[in-house]
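# Examination of the molecular architecture
Listed below, chain by chain, are the residues.
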Amino acid sequence: ASNPNPNPNPRPKPKPGTSANVVDTVAKDEAPSAVPGGEPPCPYPWEEGRPYTEGETVGFRGRMYACLGYPYTGWCGLDAAYSPGVGSQWTSAWEVVGDCTGGGTRQPTGKPTRRPTRRPVEPSPAGQGDAAAGALVNDKNTIRRVYDILDSKRDEIDGKLFLYQGSEPSTVYRYEGFIAGLKVMVEHQMAGLSYYLGDDSENGHLYGLVNIAAFIGQSMKETIQYDACDENSWDYINMQYPLANSCGQLGQSYQDYHCPEHQRHMECKVDPDMSITAVTHAKWYGAPGPLFCGPKTEYPHVGIWDYTHHCDNVWADPPEYCTAYEGQKAGRYDNSKPVPNSAGRTDVEGCCWWGRGVIQTTGICNFGKLNYYLGKRAADEGRESRYPTIDFCKDPEVICHSDEFKELKWIAGFFYWIESLQAYNERGWDYQTELHKFVDEGMGDHSFINAVSGIVNRGCHDPPCGTGAVDGTHERAGNFNKVLDILTG
């Protein structure tokens, strides 16, 4: 299979030894050297007592440092012992992510959130039938009312919510794709389920707006703030970013994410010959290049992304340039030796199932369900299909690279929301009941959005569960309130 990216100037694939950003030998005892004009301006200097967040960067003596994730984040601004580069305990809270110049005037930037990618979940009983009993049912008049409200807020949604790092308009997520995707998922039922926009009660439209606000608020935290459609490579192991992160991060194996037994027939089959390179990637200085997959005949083994390398070095012999991705400032693929990811993989064969879309659809089950309900398989088997020519199993990257169907990156997230949030009913906490309760009681109870954040980020409404506490609880709640203020204001 070939790379599905339709870009007429596709990014070079990270094949061993074929790029100026790939090295076949490991330079020993080689520290990064300054390249005139090659470094970005330094971020703000470190401040004692400041509450830093995961991935926030500071500058000191020409080096850029990023605050480590949970459980180390709280130490980043604790006291002088954790001052980057000089404190006696600084390595417990910070990591070097590159070189920089100047006195520190650039706004802090963040690296991608370290979080587990969601496994496929077995729907609650309400989501299992063809005409799901107890499912949230939309009212046609309420749907139109919510659409009208959203259209009237279009400029605010694009200008205040869909932002990269909270300030620049996202190039990936815009209102046009959002509303197109929402309409597909409201009007096209899957196993009797659709995206909920409200019933015919007095508060019906508010139920829909809160459901949307919760979705957008989580999406802002998960992907929109990073302007990312494809999952970023963020699993940092032994001071390295393994290229085998494509197969799974935090010890996960995406190609082994199977559906529940009664849905196994929906899965995509793993094609060991599939070869794909991601469309998007992280953008911080020296950030890892896009994830990629391919057979062992193409990549016998894979190594690391060397984020310390100064690739833009015209003084080198021969000159070196940054060619792994557009806007690259530093880093290179280093396949000189195999380096395992956190699950022990040193290859990328069959590893094409990383997260994609606004809430990171991941694994052979989730892509298979998209194909089964919305894609080519539905059409081939005689069922109604919104995208009869798109095979999500042959081309999972279509979610991110399609210019014709820009709503796909949203649809993947809406699909997750319908299955995993709207159908959630565990240990006495039912999403439908809690959503209605939140609205009916005046929309002031923070426990609703905190529970939603737990489900999205950790898989349960009452964390800690899964791999630990929720990442960014307050930020997620703040996003939700901001969206709700705009939609109901």
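### Focus on the overall build of the chain
Each helix and strand in the chain was counted, giving 11 helices and 15 strands. Counting every position in the chain, which comprises 489 residues, the buried fraction comes to 59%. Pairs at least 24 apart in sequence give 70% of the contacts found in the chain among residues at least 6 apart. If you sum the accessible surface of the chain, you get close to 20,300 Å²; carbon and sulfur atoms cover 49% of it.

### Observations regarding the pairing of strand 3 (residues 57–60)
As judged from the 4 bridges shared by strand 3 and strand 4 (residues 63–67), these two strands associate in the antiparallel manner. Considered in strand 4, the bridge of valine 58 is made with tyrosine 65. The hairpin turn running from strand 3 into strand 4, its antiparallel successor, is 2 residues long, and arginine 61 in that turn takes a positive phi close to 50°.

### What to know about helix 11 (residues 473–488)
Taking 1.5 Å as the rise per residue, helix 11 with 16 residues should run 22 Å; its terminal C-alpha atoms sit 22 Å apart, in good agreement. All buried positions along helix 11 are accounted for by Arg476, Ala477, Asn479, Phe480, Val483, Leu484, Ile486 and Leu487. In this structure, the buried residues of helix 11 make contact with helix 1 (140–152), helix 2 (154–161), helix 4 (204–222), helix 9 (431–440) and helix 10 (447–458).

### Structural notes on the packing of aromatic side chains
Applying the stated criterion across every chain yields a total of 35 aromatic pairs. With a centroid separation of 5.2 Å and 75° between ring planes, the pair formed by phenylalanine 178 and tryptophan 410 is classed as edge-to-face. Of this pair, phenylalanine 178 sits in helix 3 (residues 175–187) while tryptophan 410 sits in helix 8 (residues 408–422), and the two are 232 residues apart along the sequence. Of the two residues, phenylalanine 178 and tryptophan 410, both sit in the buried class. An angle of 75° between the planes, with centres 5.1 Å apart, marks the rings of tyrosine 387 and phenylalanine 405 as edge-to-face. Of this pair, tyrosine 387 sits in the loop between helix 6 (376–380) and helix 7 (398–401) while phenylalanine 405 is found in the loop between helix 7 and helix 8, placing the two residues 18 residues apart along the sequence. Over the ring of tyrosine 147 we find lysine 183, and its NZ or CZ is 5.1 Å from the ring centre.

### Observations regarding the sheet that holds strand 5 (residues 94–99)
The 3 strands are arranged 3-4-5 in an open sheet whose pairing can be described as antiparallel. Every interior strand has two partners, whereas the edge strands, strand 3 and strand 5, have only one. Within this sheet the neighbouring strands show an average axis-to-axis angle of 35°, counted without direction. Taken together, the 5 bridges between strand 4 and strand 5 define a ladder with antiparallel strand orientation.

### Section: the environment of cysteine 460
Following the sequence through the fold, cysteine 460 ends up in the loop between helix 10 and helix 11. Sequence-wise, cysteine 460 and arginine 427 are 33 residues apart; in three dimensions their C-alpha atoms are separated by 9.8 Å. Residues contacting cysteine 460, with those up to four places away along its chain left out, are Tyr424, Arg427, Ala451, Gly454, Ile455 and Cys465.

### A short note on the pattern of salt bridges
Scanning the entire structure with this criterion turns up 16 salt bridges. For lysine 160, the salt bridge goes to glutamate 156, with nearest N and O atoms at 3.4 Å. With lysine 160 and glutamate 156 both in helix 2 and 4 residues apart, the pair spans about one turn of that helix. Between arginine 345 and aspartate 347 there is a salt bridge whose closest N-O contact spans 2.9 Å. What makes aspartate 347 buried here is its relative accessible area of 9%. Several salt bridges converge on common partners, so that one network encompasses Lys221, Asp471 and Glu475.

### Examining the environment of tryptophan 354
Position of tryptophan 354 relative to the elements: it lies in the loop between strand 13 (332–334) and helix 5 (363–373). The spatial distance from the C-alpha of tryptophan 354 to the C-alpha of alanine 278 is 9.2 Å, given a sequence separation of 76 residues. Within the local environment of tryptophan 354, its side chain forms a polar contact with the side chain of aspartate 230, the two groups lying 2.9 Å apart.

### Quick look at helix 8
Along an α-helix, residues three or four positions apart point the same way, because every turn accommodates 3.6 residues. Its 15 residues place the ends of helix 8 20 Å apart at the C-alpha level, agreeing with the 21 Å of an ideal helix rising 1.5 Å per residue. Burial of helix 8 is extensive: 15 of the 15 residues sit out of reach of the surface.

### Observations regarding the state of the cysteines
Counted according to the given criterion, the structure contains 8 disulfides. The side chain of cysteine 268 participates in a disulfide bridge whose partner is cysteine 393; the two sulfur atoms lie 2.0 Å from each other. Given an S-S torsion of about -75°, the disulfide between cysteine 268 and cysteine 393 has left-handed geometry. Highlighted residues: cysteine 268 in the loop between strand 9 (241–242) and strand 10 (276–277) and cysteine 393 in the loop between helix 6 and helix 7, separated in sequence by 125 residues. The exposure classification of cysteine 268 matches that of cysteine 393, with both residues buried. Here cysteine 293 is linked by a disulfide to cysteine 352, with a sulfur-sulfur distance of 2.0 Å.

### Observations regarding the nonpolar core
Phe178, Leu182, Tyr195 and Trp417 are the most contacted members of the largest nonpolar core, which totals 120 residues. Those residues in contact with tyrosine 195 that sit more than four places away from it in its chain are Asn138, Leu182, Met185, Val186, Asn211, Ile212, Phe215, Phe414, Trp417, Ile418 and Gln422.

### A closer look at the side chain of asparagine 335
The residue asparagine 335 is located in the loop between strand 13 and helix 5 in this model. Its relative accessible area of 4% is what places asparagine 335 among the buried residues. In this structure the side chain of asparagine 335 is engaged in a polar contact, spanning 2.8 Å, whose partner is the backbone nitrogen of glycine 303.

### Focus: the confidence of the model for the chain
Confidence in the prediction for the chain averages 84 pLDDT; 84% of positions are at 70 or higher. A low-confidence stretch, residues 1–38 stays under pLDDT 50, and its non-local contacts, those more than four residues away or across chains, total 85 contacts. Of the regions scoring below 50 in pLDDT, residues 103–133 engages in 107 contacts with residues more than four places distant in sequence or in other chains.

Conventions we followed
Residues numbered from 1 in each chain as written. Predicted model: local features only at pLDDT ≥ 70, side-chain atom pairs only at ≥ 80, totals over all residues. Heavy atoms only, no water. Helix = DSSP H or I, 4+ residues; strand = E, 2+ residues; numbered from the N terminus. Buried < 20%, exposed > 50% of the residue type's maximum accessible area, 1.4 Å probe, protein only. Contact = heavy atoms within 4.5 Å. Areas by Shrake-Rupley, 256 points an atom, 1.4 Å probe, with all protein chains shown as cover. Pairing = 2+ DSSP bridges. Expected span 1.5 Å × (residues − 1). Phe/Tyr/Trp six-rings, centres within 6.5 Å; stacked < 30°, edge-to-face > 60°. Lys NZ or Arg CZ within 6 Å of the ring centre and 35° of its normal. Axes fitted to C-alpha atoms, helices over the stretch in contact; angles between N-to-C directions. Salt bridge = Lys/Arg side-chain N within 4 Å of Asp/Glu carboxyl O. Polar contact = N/O pair within 3.5 Å; in protein donor to acceptor, adjacent residues only side chain to side chain. Disulfide = S-S within 2.5 Å. Core = buried A, V, L, I, M, F, W, Y, C linked by side-chain atoms within 4.5 Å. pLDDT = per-residue confidence, 0-100.

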